[in-house]
Amino acid sequence: MTTTPLRPTTTLDLDGVLRAAEVVGRVLPPTPSWSYPVLDRRVGGRVVVKHENVQPTGAFKVRGGVNLAASLTPDELRRGLVTASTGNHAQSTAYAARLAGTRAVVVMPESAPAVKREAVAALGAEVVVHGPDLGEAAAHARALAAREGLRWVSPGDDPAIVLGHATLHLELFTAHPDLEVLFVPIGSGTSAAGACLVRDALAPHCRVVGVQSSAARAAHDSWRSGTLASAPCRTRIAGLATCAGYALPQSVLAAGLDDFLLVDDDDVDAAARVLATDAHTLAEGAGAASLAALLSLPAAPAVSGVVVSGGNASLEELVALGSGLAR
Ligand SMILES: *Cc1c(COP(=O)(O)O)cnc(C)c1O
């Protein structure tokens, strides 16, 4: 056993992922991946469901937070962290700060539901409510970073976060090297970038397919055009609602991603119902997008992986899921 604290590397390769896995594994046990015969029969092929909905914050983003916490310099630890988010990135940053013993300031727009604010505050972060939307909240967070010397935590352009998220795919490909296609939901693209890094090393035959909502297609348009594109984000699926491409993940996805599918929000809701019935799993919308993409194909691959990236559905979303069942 080494006694030196492990400082993760920021190089985006398998070695970086393996180091991140050591860091993340000290705090978070691997999450399960199961197949469900009823789901397999419905899809017409075997489906491996990777359960990130069971993470302590309800989503895979805690992996990036844990790896980020270990990568902070003494100076950054003294100063503290700041970010802007309404959802899982906010909880991940708060979790990271608590783990590292530093402060976190999370700026949330006025539109952020009270339950999300409470979840972030319960992790010990200082919640600052500012502005009508995430754009204004992010601008305020940047201003706080400059004024108070806090370390800005980007939801997409941070190598420690990409490598932390890649550990989910390391677990998945290690347990299931036979996957033919892996469907990954994309907001900023950090998780899908991590999937490409691991796939290249462990399962080069597997295709990695990104999934975004047709009502928020900035990452998709960026990948298709090879530029950092902006697009309206009108999706009700919070985890996929990015309005512009992120440079770091897009630089990996450019060569790594095999395809990028768009799904409609209603199809994502339908897939969430399938997960509830066939896999007794409560997914938030972003967590059901992978399955929605698989279900949209004319024919299923023999073995596919779907990432249930999170389960932070609000009570309103759960009620909507149930009322859809009655339709
Ligand atoms: C953030 C998030 C995504 C998108 O992940 P990126 O790495 O930003 O592409 C998907 N699902 C959930 C639940 C998320 O929180």
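All values derive from a computational prediction rather than experimental measurement.

Close to the ligand lie 15 residues; Lys61, Asn88, Gly189, Thr190 and Ser309 are nearest. A distance of 2.9 Å separates an oxygen atom of the ligand from a polar atom in the backbone of Ser191. Separating a nitrogen atom of the ligand from a side-chain N or O atom of Ser309 is a distance of 2.6 Å. In the shell around the ligand, the residues fall into four nonpolar, nine polar and two charged.

Bringing the pattern of salt bridges into the picture now. With the rule as written, the count across this model stands at 19 salt bridges. One salt bridge connects Arg26 with Glu22, and the closest N-O pair in it is separated by 3.9 Å. What you see here is one network of salt bridges that share partners, running through Lys50, Glu52, Arg63 and Glu171.

Now for the domain arrangement of the protein chain. Partitioning the protein chain into domains gives domain 1 (2-59 + 159-326) and domain 2 (62-152). Computed over C-alpha atoms only, the centres of domain 1 and domain 2 are separated by 23 Å. Taking both sides of the interface into account, the surface hidden between domain 1 and domain 2 amounts to around 1,800 Å²; carbon and sulfur atoms contribute 59%. One salt bridge connects Glu171 with Arg63, and the closest N-O pair in it is separated by 3.0 Å. Here domain 1 is connected to domain 2 by eight residue pairs in polar contact (both at pLDDT 80 or more). For the side of domain 1 that touches domain 2, the element with the highest residue contribution is helix H8 (residues 159-175), accounting for eight residues. Taken together, the residues of the side of domain 1 that touches domain 2 break down into 13 nonpolar, seven polar and five charged.

Criteria and thresholds
Residues numbered from 1 in each chain as written. Predicted model: local features only at pLDDT ≥ 70, side-chain atom pairs only at ≥ 80, totals over all residues. Heavy atoms only, no water. Near = heavy atom within 4 Å. Polar contact = N/O pair within 3.5 Å; in protein donor to acceptor, adjacent residues only side chain to side chain. Nonpolar A, V, L, I, M, F, W, Y, C, P; charged D, E, K, R; others polar. Salt bridge = Lys/Arg side-chain N within 4 Å of Asp/Glu carboxyl O. Domains from an automatic or database assignment. Buried area = accessible area lost by both parts, 1.4 Å probe. Helix = DSSP H or I, 4+ residues; strand = E, 2+ residues; numbered from the N terminus.

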